Amino acid sequence: MAVAARSKRLESVGGERLREALVGYAFVLIPMAIFGMFFLYPMVYAFYVSAHDWGGLEGKLGYVGLDNFRDVWNDEQFWIWPPEFHSGTALWNTFYYALLVVPLQMALGLTVAVVVNSGIRGRGFFRSAFYFPALTSSAAITAIAIYLLNANGLLNAGISKIVGRDFTHPWFGDSSTALESIVALNAWTTSGTMMLFYLAALQSIPTDVYEAAAIDGAGIWRTFWKVTFPLLKPAHFFVAVVSIIGALKLFDQAWIVSSGSGGPAGSTMTAVLYLYRVTISEFNYGYGAAIGVVLFLIIFTLTLIQRLLFGKAEIGY
Amino acid sequence: MATRDREEAAPPYVAAVEELAAGEPVAVGAPATLDIPGRARTDRIGKVVAYAILLALALLYFVPFFWTVMTSLKTEAEALQGFKLFPENPSLHAYREVLTRDDLPFPIFFRNSLFLAGTITVVEVIFCSLGGYAFARLRFPGREVLFMLVLATLMIPDQLRLVPVYLLLTDFPLTSWNLTQTFRGYILINVVTAANLFLMRQYFLTIPKDYEEAARLDGAGYFKTYWRVMLPLATPALAAVAILSFQGIWNDFFWALIILGFGDSQKLTVQLGLAQFVTQYGGNWPAMMAAATMAILPVVIVYVFFQRYFVAGITAAGVKG
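An account of the accompanying structure is given in this report. This one's a predicted model, so the numbers in the text were calculated from it and none came from an experiment. Sequence order sets the numbering: in each chain, residues are counted from 1 along the sequence as written. Numbering of ligands from 1 and lettering of chains from A proceed in the order in which they are written. Reporting in this predicted model follows two pLDDT cut-offs: at least 70 for local features of residues, and 80 or more for side-chain atom pairs to be given and counted; totals over whole chains, interfaces and linings ignore these cut-offs and use all residues. Hydrogens and waters are ignored; side-chain quantities use all the structure's heavy atoms.

## Here's the deal with the pairing of strand S1 (residues 52-55) of chain A
All names here are of chain A.
Piece 1. Sheet topology places S1 next to strand S2 (residues 59-63); four bridges connect them, and they run antiparallel. Note on S2: the bridge partner recorded for glycine 55 is glycine 59.
Piece 2. When DSSP finds at least two bridges between two strands, those strands are taken to pair. Numbering of helices and strands starts at the N terminus; helices are DSSP runs of H or I of at least 4 residues and strands are runs of E of at least 2. Between S1 and S2, which pair antiparallel in sequence order, lie three residues.

Structure (structure tokens):
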């Protein structure tokens, strides 16, 4: 009898397990279907398309192996060797942009984070103020930048006042300053997000190290460079990788300042804008997929570095 | 020392989820004020320097927006006069001009953007909380593998997905629908994001198990436990997901451009309309700034009311967009 009761209980435990599992599957079903259909399957499909000659009207034309990748390799609009900035090539434009914008937005983000965290009054207000540009849409903020940086805009009016003569440089209209102007714009907008990362990291620095520094008589400047800055090392890594990946994806601002052309003289042609033009404007899907794969491999390598450095905490085990 | 090493190595988003759960910054680290001889002077100098930097920075972050709003109230002629800060006769004519165009019908763009952002936000909150709860609490075979797949999608950049997703939507499997230039297609590909599902799961993990065990003892089923007990407890995370989702879709340019494009002027979002406005009427500064101001406004309103969730959500979910 004891045995019968036990097996019955086991059965109900088993039934409960099954019910829980079924409910679990039901809860994750739709999200997993979406992820499968629009993330995981496309990833495989991208490699498949990249190995084919695939046009917009004709559809799939035939297997071409690595031909598309060889074309990317030889594409002088995509990249040239040796590397040359301001050459109007998509990949070097993108790297040049990343090289300039990453240190700038990190420095700006860290500066505002440290200032906001320094025990000033109105901490919440300033944090919101510095985050404000990061809230705004890329289209709106780019429209504002186009206005401020036009030949007769606020920036040039300011410079004219300082130098004492009419200064009317068209920042976005000149190929030698167009991409640099996007650098300035995005360093400014993205610094708010970088600030949030740095603030979270600053808050996890224990107070006693500051106390020790104060007792040792270190001033604020010294405390920052000798204590705060080194202790933020994990945050520096994290922020750097996030901003490099973000920089390599530059698209919206480049599209809007050039109406999608990448001009003037190819100066705002970024890798993703080039991918967009090949795919959406020229309907060259096979070639577009190959460019997508190349960009993925570059970004993936960086993401892997990030995950190797931070992976355990991210997954939360 | 060992403990400190671990604290130092904690990446920002760990603190962010804790902050969301605790309801306030987990402030360990604001520099302490101590009674140390000589400390007061350093403090004073520090304060002065901090406020000076702060003022300069606040100007840098604030002036462009102030200038934008002022210009939107000016006449076209006034907008060209360098430093002229305030308009002679502030008027809303530029706003009227933007809202009454026939070639770029902004009222329709607003309706479209609100519809898309609203729909996606509601659906995403439901699916991400259901999925997040299941991954955090329910036991089912293959859960870890499925969750690894969710995290794996974070590694797949939009750039790789562009061609395949576009092809998938032009000829949707089984139905042969062409979902490009449709809201259905746009909603479908944006309706769940791994970052938000991850955020929900992390939040559910911070809720003590006692609550659901009590509910289960009272005989509540799994769905009822989730709906009546867990969801109310997860309000901060739900708010964060809702806000991130709304902001992400409202501000989205990349996928809106690819899926909706410029083919049908009735199907543009506000951001696409603004980009088109910049292309076509580049020199009409008051109208352009009025359009930009209106494009920013909804997210600003959301931000003003739900700031805390915004900040914690962004840090926890990583950079979006």
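## Observations regarding the interface of chain B and chain A
Piece 1. Counting residues at the interface gives 119 residues for chain B and 116 residues for chain A.
Piece 2. Together chain B and chain A conceal approximately 10,900 Å² of surface at their shared face, both sides included; 76% is due to carbon and sulfur atoms.
Piece 3. Any Lys or Arg side-chain nitrogen found within 4 Å of a carboxyl oxygen on Asp or Glu counts as a salt bridge. Between chain B and chain A we count two salt bridges in total.
Piece 4. N or O atoms within 3.5 Å of each other form a polar contact, as long as, within protein, one can give a hydrogen and the other can take it, and as long as residues adjacent in sequence are counted only when both atoms are side-chain atoms. For the pair chain B and chain A, the interface holds 15 residue pairs in polar contact (both at pLDDT 80 or more).
Piece 5. If you tally residues by element for the side of chain B that touches chain A, the top one is helix H3 (residues 39-72) of chain B, at 18 residues. Contact between two residues is taken to exist if any of their heavy atoms lie within 4.5 Å; hydrogens are not considered. Note on terms: buried area is the combined drop in 1.4 Å-probe accessible area of two parts once they are placed together, counting the loss on both.

## Things to note about a nonpolar patch on the surface
Piece 1. Each patch is built from salt-bridge-free residues with over 30% relative accessible area, joining like charges within 9 Å and nonpolar side chains (Val, Leu, Ile, Met, Phe, Trp, Tyr) within 5 Å. Here, Shrake-Rupley sampling with a 1.4 Å probe gives the accessible areas, and only protein chains in the shown set may cover a residue. The grouping of A:Ile220, A:Trp221, A:Trp225, B:Ile45, B:Val49 and B:Ile53 at the surface amounts to a nonpolar patch, some 600 Å² of accessible area in total.
Piece 2. Looking at the nonpolar patch, the elements with two or more residues in it are helix H9 (220-231) of chain A together with H3 of chain B.
Piece 3. In this structure, A:Trp225 sits in helix H9.

## Describing unusual backbone geometry
Residues and elements named next belong to chain A.
Piece 1. Put simply, tryptophan 81 and proline 82 share a cis peptide bond, and its omega is 0°.
Piece 2. Tracing the backbone shows proline 82 in the loop between helix H2 (67-74) and helix H3 (90-116).
Piece 3. In this structure, the amide linkage connecting glycine 263 to the following residue, proline 264, adopts the cis form with an omega of -5°.
Piece 4. Relative to the helices and strands, proline 264 resides in the loop between helix H11 (252-258) and helix H12 (271-281).
Piece 5. Phi at alanine 265 is positive, roughly 50°, even though this residue is not glycine.
Piece 6. Looking at the secondary structure, you find alanine 265 in the loop between H11 and H12.

## Describing the packing of aromatic side chains
Remark: the centre distance and the inter-plane angle together describe each pair of aromatic rings, the angle taken between the planes.
Piece 1. Only Phe, Tyr and Trp rings are paired, with Trp represented by its six-membered ring, and only when their centres lie within 6.5 Å; those with planes under 30 degrees apart are stacked, over 60 edge-to-face, the remainder tilted. The final tally for this structure, using the stated rule, is 56 aromatic pairs over all chains.
Piece 2. Taking the ring centre of B:Trp177 as reference, the NZ or CZ of B:Arg184 above it sits at 5.1 Å. Whether a charge sits over a ring depends on NZ of Lys or CZ of Arg being within 6 Å of the ring centre and within 35 degrees of the ring normal.

## Structural notes on the pattern of salt bridges
Residues and elements named next belong to chain B.
Piece 1. Taken as a whole and judged by the stated rule, the model has nine salt bridges over all chains.
Piece 2. Across the pair arginine 101 and glutamate 97 runs a salt bridge, and its minimum N-O distance is 3.8 Å.
Piece 3. Using a relative accessible area of 18% as the deciding quantity, one classes arginine 101 as buried.
Piece 4. With a closest N to O distance of 2.1 Å, arginine 137 and glutamate 212 form a salt bridge. Taken together, the residues arginine 137 in helix H6 (residues 106-137) and glutamate 212 in helix H11 (residues 210-217) connect sequence positions 75 residues apart. Note on accessibility: arginine 137 and glutamate 212 belong to one class, buried.
Piece 5. When salt bridges with common partners are traced through the structure, they connect Glu97, Arg101 and Asp103 into a single cluster. Relative accessibility thresholds used throughout: buried, under 20% of the residue-type maximum; exposed, over 50%; partly exposed, between the two (1.4 Å probe, protein chains only).

## Digging into the packing of H3(A) against helix H7 (residues 178-203) of chain A
Angle between the axes and distance between the axes are the two parameters that describe a pair of packed helices.
All names here are of chain A.
Piece 1. The interhelical angle for the contact between H3 and H7, taken along N-to-C directions, is 45°, at an axis separation of 6 Å. Compared by their axis directions, H3 and H7 come out oblique. Considering the relative orientation of H3 and H7, their crossing is right-handed.
Piece 2. Basically, the charged four are Asp, Glu, Lys and Arg, the nonpolar ten are Ala, Val, Leu, Ile, Met, Phe, Trp, Tyr, Cys and Pro, and anything else, Gly included, counts as polar. Tallied by class, the residues present in the contact of H3 with H7 amount to 22 nonpolar, six polar and one charged. Note on geometry: axes are lines fitted to C-alpha atoms, helical ones only across the stretch in contact, with angles between N-to-C directions running from 0 to 180 degrees. By definition in this entry, angles of less than 35 degrees are roughly parallel, angles greater than 145 are roughly antiparallel, angles of 65 to 115 are roughly perpendicular, and the rest are oblique. Working rule for handedness: look at the near helix, and if it is turned counterclockwise from the far one by less than a right angle, call the crossing left-handed; if clockwise, right-handed.

Treat this as a map of the structure, not an account of what it does.
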